[in-house]
Structures are given as structure tokens and as C-alpha cells.
Amino acid sequence: MAEAWLSMLQEMFNCSMCHGILQDPVSTTCGHNFCTNCINKHWDQSDQAEGYKCPQCNEVFSSRPVLSRNAMLTEVMGKLKQMEVSLPPEESCAGPEDMECDVCTDKKRKAVKYCLTCQAFFCETHIQPHRNSEAFRKHTLDDPEIDLPDELCLIHGEPIKFFCWTDRLCLCYSCVLTEHKSHDTAMLETEHVEKRAQLGTAQTEIQQKVQEREKKLEEVLKAAELIKVSAEKKVQDSEAAFHEVIQSMEEASKKVSELIRDQAEREVKKVEGVKEQLEKEIEELKNRDRELSELALVINRIEFLEKFPCPPVPPGDEELLSATICSDISIKELKELLSSLKESMGPVKKCQLLKTTKKGESVYIMRFPRSQKDFLKYACQLTLNPCTANEYLWLSEDVRKVTHSTEPCPSFDHPDRFDRWLQVLCNEGLYKSRYYWEVETVGSRAVIGVAYHSIGRKGGDEDCHLGGNKSSWGLYCSGSSYSARHDKQETEIIAPYSSRIGVYLDYPSGTLSFYSILDTMTLLHRFEGNFTELLYPGFSLNCYGSSVTICQVNQQA
């Protein structure tokens, strides 16, 4: 009972700053009481520019108040200490293995709780404010078995109780009131508990991401292995195909060589036969010449006539003299065939990879150059339709060139005219056949394509833009990059820049192909579908000064 009464008295005379019994109590002019050391330390660390505040009621004093020693409270505190000493020692004093109360002054009593917020041990008497006062409801109490905090502020020597997120430093109470006053600070223990929870969540999230990426890595490695296997299979197939071609060529070469040698052998045998016959006749003629020489020496007319041969010149094979020997083995047709074969192998040697991007994925496509002669038999003549041209597009007199200008072209209003997009269509509608034409571009950001007559003409949305809807197909040219567009689907293409573009329309098979024309023709993109209406070639210019010219190409058989 005496201990409870003493605890109540001590609670009444606690210092509001250190929460302990008043030590050498002094009073402020506003009527509040504090330990002398507590109030002096508080004002020593206060910002003088803001004045001196009472820690309890926050009354501001323009100058530092003169503190008066409260004699009555000093006497009361002395009586309380005497009463505390009079308590039985087994109930108040801490043993060798007990934690001592940090508030008790003369004799340390056994601590029953440790406040994590205050970072101090309290006995049963001094813990009462934490249990009964609303001001301490948020403080965290724990059993007194834990050790005293080892970390103290190097500047003020006080326990570390706060954390500054602005400077990311651990602080004491005095640090918070002074140089870190305007910073983002929080209770150390609260932040520790919160960040511990965040740490667990972060670790779980990281571990989940690690698993996801390991799974993705496994998929990527499998994909890489499949690519290697697929590439090796294609290499083997291409090598087998080339080997078959090479083998066929070697067999053909061997057969042609045998034919040439057979023909040469027959001609040589023919020469040997003629040679043998000619040598025999030469020998006979030489013998007759000797006989005639001897006969010329005979003077007796009877003997001369008797020895005169009849006929004097022996008959010979005159056909041998007219026989011709072919010294040149004709392989004209073979040379033409080999030359044609060599030309056909040219595109294989000049094949190249074009990079295309579709739906965000890069794909490399093998392209083989084509000969312009393959398309000229489908060449068609096109002219621009002034009734469709935007007012800022100027057409040449032969209506084969369109140029983007900043000045509007004098024209009359027409329902077929594009009023927003700088576009123009051709007069000719292409239908149910094969067509080929070439255009020359100047500047950048030009669109080359075809469209149905039903394409929108009024407005600036994609329904009227060449390649931006179901009614049109377009190749967008911008420097060394291209993109093919139809019905809001876009495929990017990286290829060498070419100002000359060839367009091949195979209406029956539903294909529209665009070729860059340099030394050879290289396919940039091919649209495949099913055309249902007349297709009108068209152009769009999006850069001032740019132009498109329809080239003059002649049809060849």
C-alpha cells in the first residue's frame, strides 16, 4: 500500500521532459515546473531567433526567462526520497542480476519494463505514467531483459532514437530539435519495424522476379538452341541442294567433254585415213615420174612407143583433194547455255538480308535481286488525276510529277479531292491483270501505294491516309528506312536507300510488291491478299519541297 501511495506521489511530481521525479525543481513565469538541468539544456539547444518556448505549454518568451528555484517543491522532493528510502529493501532495490531503473536517483529499484521509445528502464513506480497517461500510449514497452542501447549520438551523447530520411542519418532528440529540425524524421524503432516488413516483401518480390527471369532464361536458351538446330538443318538442306546442282553440273560437264572428245577422235581418224591414201598416191606418182624420166631418154621410136604407159598419168582419188577437215569443234549452243546459267546464278551470289520489324519483333528476310527485264513486259503508263490532288500539291504539265508546296494551287473544289492529307491518285484504274511502274522520289517522307476509289477524301484521320485503312496499301519512304502499312498494320524495313522504287501489281494472284532499284532490283515488301475493286496508284507527300515523278518505262516483249 505504501509503495502504491509513493508511486502516486511521484507521478504527481514528475518532470514533463525527463518523466522522472523533479531534480532541483525550478518554475517558469508561465507556472510550469521542470528539473533545472532539463530546462536549461532545452533552452541551450533552442533556436534563439524563434524565441524561447515552454516545453509544456509552448508559450514563447522574447528573452530567456530567469528561472526561480521552487523551494516548496524541493522540500517535497526531499520528503519523497526519504519515503522511498524507508521502503523495504527487498521490494525496492534491484538485485545483482536485475536491470536497474533509469529514473531512480539514490537507490536503484528493479526495472519491470523497458520503453523502446524512451530507450530507458523503468521500475514499477516510474512506469506508471506510461500506463496511465495518454501522452505515453504510443510508447512501446518490452520486458527488461534487453541490454541498454550501445549507440549514442556522437555530438550530444544521447541515445539514438530517430532517423532522418533527408540525410539518411540516425539522430538523437537534440539533433531533431536543432540542425535536422526541418528534415523528414521519424522514430527509429517505428521505421525499423516498417522497413523490416518492406524488406521481407521486397525479398519475396525479388525472389519471384529471379524465378521468372530464370524461367525466361531457360526459354531463351532453348530458343537459341532451336535456332541453331533450325539454321543447321537449313544449311544442310541448302548445301544438299547446291551439291545436287553442282553434281548435275559436273555430270553435264563430263558428258559434254566426252562428246567433244568423241567428235575430235572421229575427225582425227578421218584425217588419218586421208593421210594414208594421200601418201600411197604420192608414192605411186613419184614411181611413174621416174619411169617417164627413163622413157624420155629412149631414142628408138619403136621402143619408145612400146614402153609408153597408157594412160601416162595414173588415175587418183580426186575426192581426197576436195575433202575438208573440221578443225573447230562447235559448242556455240553450249556457250549460250552456260552464259544463261551463269546469269541465273548472279542473284544467288548477290542475295542479302533485309531487317523488318513487325509487332515490335525484328526479323531478317533473305532477298534475291531480280532483273528489271522480268517486269518491263508488264510496264504501264500512268498519269496523275488533278481532281484528287490536295490544294498544296502542284502537278507538272504532263501530269507525271507532283511536288509539295507551301502555296496553294489554284483549283476548283471537287468531291474526289483530298482536303487534309497531301495526296493524289492516278487516273488509271488497274484491274484483273499484271502491271509494273517505277517512280523517282526527291526529299523524304513520301508514300507510294495503291487505293480503292472508295478511300476517304475528307478529314485528317487514318481512314483517308494512304496505307492507313482497309482500302489502301502503302510503302512509307523515309531516308534509309521504309515501312509497309495496310489497315493500321505496320512492318518496318531497314534497307539501303534508293530514290527509285519499282511497283509490281499482280491483281489475279492478289500480290503488290515494292522493289528498290539500284544496280539490281531488291524486294522491299510484298502485300498478299484478295483485291476486289479497281486499284488506283497514289502518292502522299509529307515534307515541303519533296516530289514524286512517275518514270517513263517502255514495255518489252
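For the structure, check the block above.
A brief structural summary. (Residues numbered from 1 in each chain as written. Predicted model: local features only at pLDDT ≥ 70, side-chain atom pairs only at ≥ 80, totals over all residues. Heavy atoms only, no water.)

Thoughts on the nonpolar core
Generally speaking, nonpolar side chains in soluble globular proteins are found buried as a group.
Okay, so step 1: Formed by 38 residues in total, the largest nonpolar core has its most connected members in Trp 437, Ile 501, Leu 505, Leu 512 and Phe 539.
Okay, so step 2: Ignoring anything within four residues of it in the chain, the contact list for Ile 501 reads Trp 437, Glu 438, Val 439, Ile 448, Leu 475, Tyr 482, Phe 514, Tyr 515, Ser 516, Ile 517 and Leu 524.
Okay, so step 3: One finds Cys 15, Ile 21, Phe 34 and Ile 39 within the second-largest nonpolar core, a separate group that totals 14 residues. (Core = buried A, V, L, I, M, F, W, Y, C linked by side-chain atoms within 4.5 Å. Buried < 20%, exposed > 50% of the residue type's maximum accessible area, 1.4 Å probe, protein only. Contact = heavy atoms within 4.5 Å.)

Looking at unusual backbone geometry
Okay, so step 1: Residues other than glycine seldom take positive phi values, yet Arg 168 does so here, at roughly 55°.
Okay, so step 2: Here Arg 168 is to be found in the loop between β9 (162–164) and β10 (169–171).
Okay, so step 3: The exposure class assigned to Arg 168 is exposed, which follows from its relative accessible area of 57%.
Okay, so step 4: Of note, Lys 488 is a non-glycine position whose phi angle comes to about 65°, a positive value.
Okay, so step 5: Relative to the elements of secondary structure, Lys 488 occurs in the loop between β20 (481–486) and β21 (489–494).
Okay, so step 6: Accessibility expressed as a relative area gives 67% for Lys 488, which makes it exposed. (Helix = DSSP H or I, 4+ residues; strand = E, 2+ residues; numbered from the N terminus.)

Side note on helix α2 (residues 36–44)
At 3.6 residues per turn, the α-helix brings residues three or four places apart onto the same side.
Okay, so step 1: Of all the positions in α2, only Thr 36, Cys 38, Ile 39, His 42 and Trp 43 are classed as buried.
Okay, so step 2: Each element contacted by the buried residues of α2 is listed here: β1 (25–27), β2 (33–35), β3 (52–53), β4 (60–61) and α6 (173–177).

Here we look at the side chain of Gln 423
Okay, so step 1: Secondary-structure assignment places Gln 423 in strand β16 (residues 423–425).
Okay, so step 2: Within polar-contact distance, the side chain of Gln 423 engages the backbone oxygen of Cys 464 at 2.9 Å.
Okay, so step 3: Non-local contacts of Gln 423, meaning those with residues more than four positions away in its chain, are made with Thr 388, Ala 389, Asn 390, Leu 393, Phe 418, Cys 464, His 465, Leu 466, Phe 539 and Ser 540. (Polar contact = N/O pair within 3.5 Å; in protein donor to acceptor, adjacent residues only side chain to side chain.)

Section: the pairing of β21
Okay, so step 1: As paired elements, β20 and β21 share six bridges and run antiparallel to each other. Residue pairing for β21: Ala 484 is matched across the bridge by Thr 491.
Okay, so step 2: Where β20 folds back onto β21 in an antiparallel hairpin, the turn is made up of two residues, including Asp 487, whose phi is positive at roughly 55°. (Pairing = 2+ DSSP bridges.)

A few points about the sheet that holds strand β5 (residues 68–69)
Okay, so step 1: Taking strand neighbours across the sheet as the criterion, the three strands line up as β2-β1-β5 in an open arrangement whose pairing is antiparallel. Looking at strand neighbours, the two that pair on one side only are β2 and β5, the edges of this open sheet.
Okay, so step 2: In this structure, β1 lies alongside β5, joined through two bridges in antiparallel fashion. The residue of β5 that forms the bridge with Val 26 is Arg 69.
Okay, so step 3: Docked against the sheet, α2 engages β1 and β2, running at close to 90° with respect to β2. (Axes fitted to C-alpha atoms, helices over the stretch in contact; angles between N-to-C directions.)

Comments concerning the packing of aromatic side chains
Okay, so step 1: Counted under the stated rule, the structure contains 11 aromatic pairs.
Okay, so step 2: Residues Phe 162 and Tyr 173 carry aromatic rings whose centres are separated by 6.2 Å and whose planes lie at 40° to one another, so their mutual orientation is tilted. Placement of Phe 162 in strand β9 and of Tyr 173 in helix α6 is noted, with a sequence separation of 11 residues between them.
Okay, so step 3: On the basis of relative accessible area, Phe 162 is assigned to the buried category, the value being 13%.
Okay, so step 4: Their ring planes at 85° and their centres at 5.4 Å tell us that Tyr 452 and Trp 473 sit as a pair that is edge-to-face. With Tyr 452 in the loop between β18 (446–451) and β19 (472–478) and Trp 473 in strand β19, this residue pair connects regions lying 21 residues apart in the sequence.
Okay, so step 5: Given the relative accessible area of 8%, Trp 473 is considered buried.
Okay, so step 6: Through successive ring pairs, a cluster of aromatic residues spans Phe 375, Tyr 378, Tyr 436, Tyr 504 and Tyr 515. (Phe/Tyr/Trp six-rings, centres within 6.5 Å; stacked < 30°, edge-to-face > 60°.)

With respect to the sheet that holds strand β11 (residues 185–187)
Sheet strands pair by backbone hydrogen bonding; their relative direction is either parallel or antiparallel.
Okay, so step 1: Pairing is antiparallel across the open sheet formed by three strands, whose spatial order is β10-β9-β11. Across the chains shown, the open sheet's two edge strands, defined by having one partner strand only, are β10 and β11. Recorded for the sheet is a direction-independent mean angle of 30° between the axes of neighbouring strands.
Okay, so step 2: As paired elements, β9 and β11 share three bridges and run antiparallel to each other. Residue pairing across strands places Phe 162 opposite Met 187, the latter belonging to β11.
Okay, so step 3: Lying on the sheet, helix α7 (residues 188–295) is in contact with β9, β10 and β11; it crosses β11 at an angle near 85°.

Don't take any of this as a statement about function, it's just geometry.
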